[in-house]
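# Results of the structural survey
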Number of protein chains: 4
Amino acid sequence: MQLKELRDIQGEQDARNIALDKVGVKNVSFPVLVMDKENGTQSTIASVTMSVYLPHEFRGTHMSRFIEILESKAHERLSPMMLKDIAKSLCEKLNASRAFISFKFKYFIRKAAPVTGIESYISYDACYEASLDLNLNKFDAVTGIIVPVQTLCPCSKEISDCGAHNQRALIDLKVRTKGLVWFEELIEMAESSGSSPLYTLLKRPDEKFVTEHAYNNPRFVEDTARELALKLDEDARIIWYKIEVTSCESIHNHDAFAEITREKLN
Amino acid sequence: MQLKELRDIQGEQDARNIALDKVGVKNVSFPVLVMDKENGTQSTIASVTMSVYLPHEFRGTHMSRFIEILESKAHERLSPMMLKDIAKSLCEKLNASRAFISFKFKYFIRKAAPVTGIESYISYDACYEASLDLNLNKFDAVTGIIVPVQTLCPCSKEISDCGAHNQRALIDLKVRTKGLVWFEELIEMAESSGSSPLYTLLKRPDEKFVTEHAYNNPRFVEDTARELALKLDEDARIIWYKIEVTSCESIHNHDAFAEITREKLN
Amino acid sequence: MQLKELRDIQGEQDARNIALDKVGVKNVSFPVLVMDKENGTQSTIASVTMSVYLPHEFRGTHMSRFIEILESKAHERLSPMMLKDIAKSLCEKLNASRAFISFKFKYFIRKAAPVTGIESYISYDACYEASLDLNLNKFDAVTGIIVPVQTLCPCSKEISDCGAHNQRALIDLKVRTKGLVWFEELIEMAESSGSSPLYTLLKRPDEKFVTEHAYNNPRFVEDTARELALKLDEDARIIWYKIEVTSCESIHNHDAFAEITREKLN
Amino acid sequence: MQLKELRDIQGEQDARNIALDKVGVKNVSFPVLVMDKENGTQSTIASVTMSVYLPHEFRGTHMSRFIEILESKAHERLSPMMLKDIAKSLCEKLNASRAFISFKFKYFIRKAAPVTGIESYISYDACYEASLDLNLNKFDAVTGIIVPVQTLCPCSKEISDCGAHNQRALIDLKVRTKGLVWFEELIEMAESSGSSPLYTLLKRPDEKFVTEHAYNNPRFVEDTARELALKLDEDARIIWYKIEVTSCESIHNHDAFAEITREKLN
């Protein structure tokens, strides 16, 4: 059997006259080395989605080439620039004018407890998303991170003789930037926008600090979204952002959320 | 204790000068009666998200009012018109200019096996999404349904001496319409776009039919998306659609997908 | 084409000499009417798993018969007795000596806010599980419900000058009983074992009550599990129970849990 | 503020007279180095659960010590022996007589396409679970791996004039062993028990091979479970196993499954 004997159905002409916005692969697990501010790189595992624009005249794309291109980058450091390289290769190898890529992965940092200073790992769900449009000669990259925080309800604190309901909340942040912004910087902005950061390891003096700090710093989901927006507005490197804060209310069996998307004017 | 004594923190002024695109509740489970083409209504369970635009001058929204409005509709028939009523109430009770709502729910139909005709239930994940903008005097509604089908690979069939890999694929379809389009109609269009519909109950003659029908009707994810797009293009009631087909490839541990979004020109 | 012409591969002899503990179908969505203490029945949607023991001499089971038996019960009221009927039918129609069934479904109750008394829906994840062994002439049924509550940390309260971290926690309770125990009764026992029940709709006086009640009633996951165990120990109808409490810690990005299983001695 | 001033609520006496089977932490994300047959070790990310038995006389456990013990193993190679070390430390530091641990993680191997030999990564969901009982002086370890395969329906092939429905299926395998058994060995046994292994990267000659190989090798879920059981029965290192095969039927919107658990007699 010879490779060339096997008919290339995907490459045949298509008469339906319908172009497809995206055709590709998703949920590909892949080990990656991610840029790490403290250590240069860290090993993690990505769930990868890759697709291209398919013009109306072709019946299909060649799915195996997505994996070949991904494999060719196996030992490179994952960054927005690597996504640009992949996008270029996708356009070239698949005769496409546009390519779309996302890598989602856990990102670990060492975090010190606020009083005892004891360090432990804490993980965040991070992502890079990118698209390349050869016709417009435009490359677009989005950096994302989901940061869990505590939110303590200002209303509950105000109206109650003691205590205040609080809960874990997730800040889902995406940004477009001019130049590099570290995950650590985005995490710091997000964590300081809720009532308190979260920690994996807290001893009793730390737990006392976190409890009191949150109580003295009550934040609605609306407050958390706005506090983070203020910081992103002030940072000239951030040119676009989307914030979604979801609070797993400890008094309800449903969630509260707040959302804001902003394109900065130049 | 009197209600009026408890300070309304949410209603206070906010000095940060940041409006929020959406503030509200999500993942609220609620029993609903949905419009059903065969039986008038069917009982199902929705996961509800509701939010409003929050102008910069207010600190927060009043989350309990979302639930009060939802409760006030507890015995009404869920439809895009009911979402419009909810949106109006949200805008009114929360002094908002925009409201956003989504209901996601399982939708059941009775489906006859293709040869024996034996009927059984099969379920689909359906949704209604809507927004109301009082400033623009614009109500927008989207109807969605996720339809599982079989896709049988044309390439695998062509190059192989026998058999062809096939698998379950999900067609995630959203439409904007002029007038009513039944879920049953969207399901029929989607199911006829893959290699075969799925069934809950098949006897051997049915299984033979489904196997041979799929083998004689090979479809890539690209084909499935395009076949469905052709049908939606031909239906004058459909004014916008988004199709995403995801195929859980039986030869890979990742998925293939194709996506197309179209706004029809008038 | 005639049904009898199609060879019954599943019914053929198997020479591998390996019996299978369970063979069947899972994740079958099915609309059901569940026993409801207040209203007689409520409509909900179940995810159904059904299986049988397969002796070593048969190659396979007949998967379509599981669905036929389920369909034959479509308009009956779901209860442990209905599971017994299904189990009997499975054993009979599939020539099996043992059958296993589970139905998982959302269960709604109307709950009044603690001060204003305003009612709203709240949902719980419930289940019935059953097995029938014809050789031992033994029918076994388990009733389960997952009850979300608030837990407020006693340590955090004790060591902090103000406030205390609290969060949503899930009590996953399964029981074997002599005679009927309503979901409402299990929910009441579970909700009174945490720091506070949850509610879908709370006005400010209710939120004040819930906040203060939880603060005055601090409970570790260990406490919650034990408080519930005490109540189950005292109820003579309960002959076996399993409790797993999982607390979505608002100071950590991981969860705390406590587990206890007890068979009561007669 | 001094650590010793803060009252240790967890360490206080409990009067309820109820011991807890397990108390601990779950869903802790942690970077780990796992034993790798080809390369010595591989970097991956685990979701960790750790718990201990809590005697009736103590109110609670000390949750932070679980994390301290986990952190102390941060640079060691994950293996059943490391779980034994963790279990010993848990018992010692928490004054417990029993400890329970599980690590779940993705495990990657390089797999060659069956005809072209092109290599690519493929990932599996693996786990180690262990318990230590100091009273019984017993350490127990379970190794698990979930292996996706293709199953092609023998009945569909037999009764149809052409084709046969096939789909992705998951083999969830757990084993207790005497001595080391590599993940690679378990994967090989599982992959050869379905109709075909899966691959991340297949060129057309490979796809032809996989399609024909699966067609010539039809397997029910029952067959897949039994074929794997035969191999595990023959391997003297395996002293206990549990197999659950779940097939995402391409003709249904529900799944078929088969399950078998066996303790080997000595």
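By convention here, each chain's residues receive numbers from 1 onward along its written sequence. Here the convention is simple: chains get letters from A, ligands get numbers from 1, in the order in which they are written. Since the coordinates come from a predicted model, pLDDT governs what is reported: local features require at least 70, and pairs of side-chain atoms require 80 or more to be given and counted, while whole-chain, interface and lining totals use all residues. Side-chain calculation: all heavy atoms of the structure are included, whereas hydrogens and water are not.

Moving on, we come to the overall build of chain A. Going along the chain from the N terminus, every DSSP run of H or I of four or more residues is numbered as a helix, and every run of E of two or more is numbered as a strand. Broken down by element type, chain A carries 6 helices and 10 strands. Projecting the C-alpha coordinates of chain A onto the three principal axes gives extents of approximately 80 × 40 × 35 Å. For the exposure calls, accessible area comes from a 1.4 Å probe over protein chains only, and a residue counts as buried if that area is under 20% of its type's maximum, exposed if over 50%, partly exposed in between. For chain A, with 266 residues in total, the buried portion stands at 64%. A contact between two residues is defined here by any heavy atoms of the two lying within 4.5 Å. Long-range contacts, defined as pairs at least 24 residues apart, comprise 65% of the intrachain contacts of chain A with a sequence gap of at least 6. Charge assignment in this entry is limited to Lys and Arg as positive and Asp and Glu as negative, and neither His nor the chain termini are counted. For this purpose, a charge sits on NZ of Lys, CZ of Arg, CG of Asp or CD of Glu. Distance between charge centroids for chain A: 3 Å, based on 34 positive and 39 negative side chains.

Another point: the packing of helix 1 (residues 63-72) of chain D against helix 2 (residues 80-93) of chain D. All names here are of chain D. Only the stretch in contact is used when fitting a helix axis, every axis being a line fitted to C-alpha atoms; angles between N-to-C directions are given from 0 to 180 degrees. Across the interface, helix 1 lies against helix 2 with an axial gap of 10 Å and an inter-helix angle of 145 degrees. Of the two possible hands of crossing, helix 1 and helix 2 adopt the one that is right-handed. Mapping the contact onto sequence places Arg65, Phe66 and Ile69 in helix 1 and Ile86, Ser89, Leu90 and Lys93 in helix 2. Polar here means any residue other than Ala, Val, Leu, Ile, Met, Phe, Trp, Tyr, Cys and Pro, which are nonpolar, and Asp, Glu, Lys and Arg, which are charged; Gly is therefore polar. For the contact of helix 1 with helix 2, the residue count by class is 4 nonpolar, 1 polar and 2 charged. Put simply, a crossing is left-handed when the front helix is turned counterclockwise from the back one by less than a right angle, and right-handed when it is turned clockwise.

In this section: the relation of the copies chain A and chain B. One copy of the chain maps onto the other through a rotation about an axis plus a displacement along that axis. Our superposition of the copies is a least-squares fit, built on the C-alpha atoms of residues whose pLDDT is at least 70 in both. For the pair chain A and chain B, the superposition axis carries a translation of 0.0 Å, the fit reaches an RMSD of 0.0 Å, and the rotation angle comes to 180 degrees. Between the two chains, the operation in question is that of a two-fold axis. Both copies present the same face, since 100% of the interface residues in chain A are matched by interface residues at the equivalent positions in chain B.

Turning next to the interface of chain B and chain C. On the chain C side, the residues contacting the 36 residues of chain B number 36 residues. Here the quantity called buried area is the accessible surface, traced with a 1.4 Å probe, that two parts lose on coming together, added over both. Taking both sides of the interface into account, the surface hidden between chain B and chain C amounts to around 3000 Å²; carbon and sulfur atoms contribute 69%. Of all residues in chain B, the largest losses of buried area upon contact with chain C belong to Ile45, Tyr121 and Arg204 of chain B, amounting jointly to 21% of the total for that side. For this analysis, a salt bridge means a side-chain nitrogen from Lys or Arg found within 4 Å of a carboxyl oxygen belonging to Asp or Glu. Our count for the chain B to chain C interface comes out at 6 salt bridges. Put simply, the parts of the chain that give the side of chain B that touches chain C at least two residues each are strand 1 (20-36), strand 2 (40-54), helix 1 (63-72), strand 4 (98-112), strand 5 (119-133) and helix 5 (204-215) of chain B. Per element, the largest residue contribution to the side of chain B that touches chain C is 5 residues, and it comes from helix 1 of chain B. Residues of the side of chain B that touches chain C, tallied by class, amount to 16 nonpolar, 9 polar and 11 charged.

On to the relation of the copies chain B and chain C, then. Here chain B sits on chain C after a turn of 180 degrees about the axis and a move of 0.0 Å along it, with an RMSD of 0.0 Å. Counting the interface residues of chain B, we find that 100% of their copies in chain C are interface residues as well, pointing to one common contact surface.

All right, on to helix 1 of chain D then. Along an α-helix, a turn takes 3.6 residues, which lines up residues three or four apart on a common side. Along helix 1 of chain D, 7 of the 10 residues are buried, which leaves the element largely enclosed by surrounding structure. Taken together, the buried positions of helix 1 of chain D are Met63, Ser64, Phe66, Ile67, Ile69, Leu70 and Glu71 of chain D.

Once that is clear, we can look at the domain arrangement of chain A. Residue and element names in this part refer to chain A. Domain segmentation is taken from an automatic or database assignment of domains. Splitting chain A by domain gives domain 1 (19-106) and domain 2 (137-266). Taking only C-alpha atoms, the centre of domain 1 and the centre of domain 2 are 30 Å apart. Inspection of the region where domain 1 meets domain 2 yields 0 salt bridges. Pairs of N or O atoms are called polar contacts if they sit within 3.5 Å, as long as, within protein, a hydrogen donor faces a hydrogen acceptor (for residues adjacent in sequence, only side-chain-to-side-chain pairs). Counting the contacts that link domain 1 with domain 2 gives 0 residue pairs in polar contact (both at pLDDT 80 or more). Here the side of domain 1 that touches domain 2 takes 4 residues from helix 2 (residues 80-93), the largest share from any one element. Tallied by class, the residues present in the side of domain 1 that touches domain 2 amount to 6 nonpolar, no polar and 4 charged.

Right, let's talk about empty space enclosed by the protein for a bit. A probe matching the size of a water molecule, rolled over the atoms, marks out where space remains unfilled. Residues and elements named next belong to chain A. The rule is simple: put a 1 Å grid over the protein atoms alone, call a set of points where a 1.4 Å probe fits but cannot get out a cavity, call an open set with protein on both sides within 12 Å along at least five of seven lines a pocket, and count a residue as lining if it has an atom within 4 Å of a point. Grid points are joined across faces, edges and corners, and a volume is the space filled by probe spheres set on the points. All told, the structure shown has 3 cavities of 30 Å³ or more when counted by the stated rule. If you trace the largest cavity, you find it lined by Met35, Tyr128, Thr143, Leu180, Val181, Trp182 and Phe183. A per-class count over the lining of the largest cavity returns 6 nonpolar, 1 polar and no charged.

Listed by partner, the interface residues are 56 residues for chain A and 56 residues for chain B. Summed over both sides, the interface of chain A with chain B buries roughly 4500 Å², with 54% coming from carbon and sulfur. Counting the contacts that link chain A with chain B gives 14 salt bridges. Salt-bridge contacts for Lys26 of chain A lead to Glu244 of chain B; the nearest nitrogen and oxygen are separated by 2.7 Å. At the level of elements, strand 1 (20-36), strand 2 (40-54), helix 1 (63-72), helix 3 (154-159), helix 6 (221-234), strand 9 (238-247) and strand 10 (255-263) of chain A are the ones that each hand at least two residues to the side of chain A that touches chain B. For the side of chain A that touches chain B, a count of residues per class yields 27 nonpolar, 12 polar and 17 charged. Pairing between strand 10 of chain A and strand 1 of chain B: 5 bridges, direction antiparallel. Counted as the bridge partner of Phe257 of chain A is Gly24 of chain B from strand 1 of chain B. Here, any two strands with at least 2 DSSP bridges between them count as paired.

Attention now goes to the layout of surface pockets. Of the pockets and cavities examined, the second largest pocket occupies roughly 1200 Å³. If you go around the second largest pocket, you meet 50 residues; those closest to its centre are Asn27, Ser47, Ser102, Lys104 and Phe105 of chain A.

Our next topic: the confidence of the model for chain A. In regions of low pLDDT, the predicted coordinates are not meant to be interpreted in detail. Averaged over all residues, the pLDDT of chain A is 96; the fraction at 70 or higher stands at 98%. Overall fold confidence (pTM) sits at 0.97, and the ipTM for the predicted complex is 0.95. The pLDDT value expresses, per residue, how confident the predictor is, ranging between 0 and 100.

Right, let's talk about the pairing of strand 4 of chain B for a bit. Residue and element names in this part refer to chain B. Judged from the 7 bridges that link them, strand 2 and strand 4 form a sheet pairing that is antiparallel. Paired with Met50 across the bridge in strand 4 is Ile101. Bridge count between strand 4 and strand 5: 15 bridges; the pairing is antiparallel. The residue bridging Lys111 from the neighbouring strand is Ser120, located in strand 5. The turn linking strand 4 back onto strand 5 is made up of 6 residues, and Gly117 within it adopts a positive phi angle of 75 degrees.

This part covers the side chain of Arg226 of chain D. Relative to the assigned elements, Arg226 of chain D resides in helix 6 (residues 221-234). There is a polar contact of 3.2 Å between the side chain of Arg226 of chain D and the backbone oxygen of Pro55 of chain C. Residue contacts for Arg226 of chain D: discarding those within four places in its chain leaves Asp14, Arg16, Ile18, Ala19, Leu20, Leu54, Pro55, His56, Phe58 and Arg59 of chain C.

Even without a glycine there, the phi angle at Asn95 of chain A is positive, about 50 degrees. Secondary-structure assignment places Asn95 of chain A in the loop between helix 2 and strand 4 (98-112). The backbone phi angle of Asn27 of chain C is positive, close to 60 degrees, even though this residue is not glycine. Within the element layout of this structure, Asn27 of chain C appears in strand 1 (residues 20-36).

So, on to the pairing of strand 9 (residues 238-247) of chain C. Residues and elements named next belong to chain C. Judged by how many residues are buried, strand 9 sits mostly within the fold: 8 of 10 residues are covered. Note that strand 7 (residues 166-177) and strand 9 share 9 bridges and pair antiparallel. From the neighbouring strand, Lys174 faces strand 9, where its bridge partner is Lys242.

Looking now at the packing of aromatic side chains. When the centres of two rings from Phe, Tyr and Trp lie within 6.5 Å, Trp using its six-membered ring, the rings pair. Their planes under 30 degrees apart give stacked, over 60 give edge-to-face, and anything left gives tilted. Inspection of every chain in the model, using the stated rule, returns 24 aromatic pairs over all chains. Centroid distance Phe108 of chain A to Tyr121 of chain A: 5.8 Å. Interplanar angle 85 degrees. Geometry classified as edge-to-face. Within this pair, whereas Phe108 of chain A is found in strand 4, its partner Tyr121 of chain A is found in strand 5 (residues 119-133), the two being separated by 13 residues in sequence. You'll find Phe108 of chain A and Tyr121 of chain A in the same group, each marked buried. Both rings, one in Phe105 of chain B and one in Phe183 of chain B, keep their centres 5.9 Å apart while their planes meet at 70 degrees; by these two values the pair is edge-to-face. Remark: Phe183 of chain B occurs in helix 4 (residues 183-191) and Phe105 of chain B occurs in strand 4; sequence separation between them is 78 residues. Each member of the pair, Phe105 of chain B as well as Phe183 of chain B, carries the same accessibility label: buried. Following the ring pairs from residue to residue traces out a cluster consisting of Phe105, Tyr107, Tyr128 and Phe183 of chain A. Against the face of Tyr199 of chain C rests Lys111 of chain C, its NZ or CZ located 4.9 Å from the ring centre. Should the NZ of a Lys or the CZ of an Arg lie within 6 Å of a ring centre and within 35 degrees of the ring normal, that charge is described as sitting over the ring.

Another aspect to go through is the environment of Ser123 of chain C. In this fold, Ser123 of chain C is placed in strand 5 (residues 119-133). Expressed as a C-alpha distance, the spacing of Ser123 of chain C and Gln150 of chain C, which sit 27 residues apart in the sequence, is 15 Å. If near-sequence neighbours (up to four positions away) are discounted, Ser123 of chain C is found in contact with Asn253 of chain A, Ser29 of chain B together with Lys106, Tyr107 and Phe108 of chain C.

Moving on, we come to helix 2 (residues 80-93) of chain B. Residue and element names in this part refer to chain B. The span you would expect from a helix comes to 1.5 Å times its residue count less one. Between the first and last C-alpha of helix 2 there are 20 Å, a value that for 14 residues agrees with the 20 Å anticipated at 1.5 Å per step. Regarding helix 2, the residues found buried are Met82, Leu83, Ile86, Ala87, Ser89, Leu90 and Cys91. As for helix 2, its buried residues are in contact with strand 2, helix 1, strand 3 (77-78), strand 4, strand 5 and strand 6 (138-152). Two residues or fewer after helix 2 comes Asn95, characterised by a positive phi angle close to 50 degrees.

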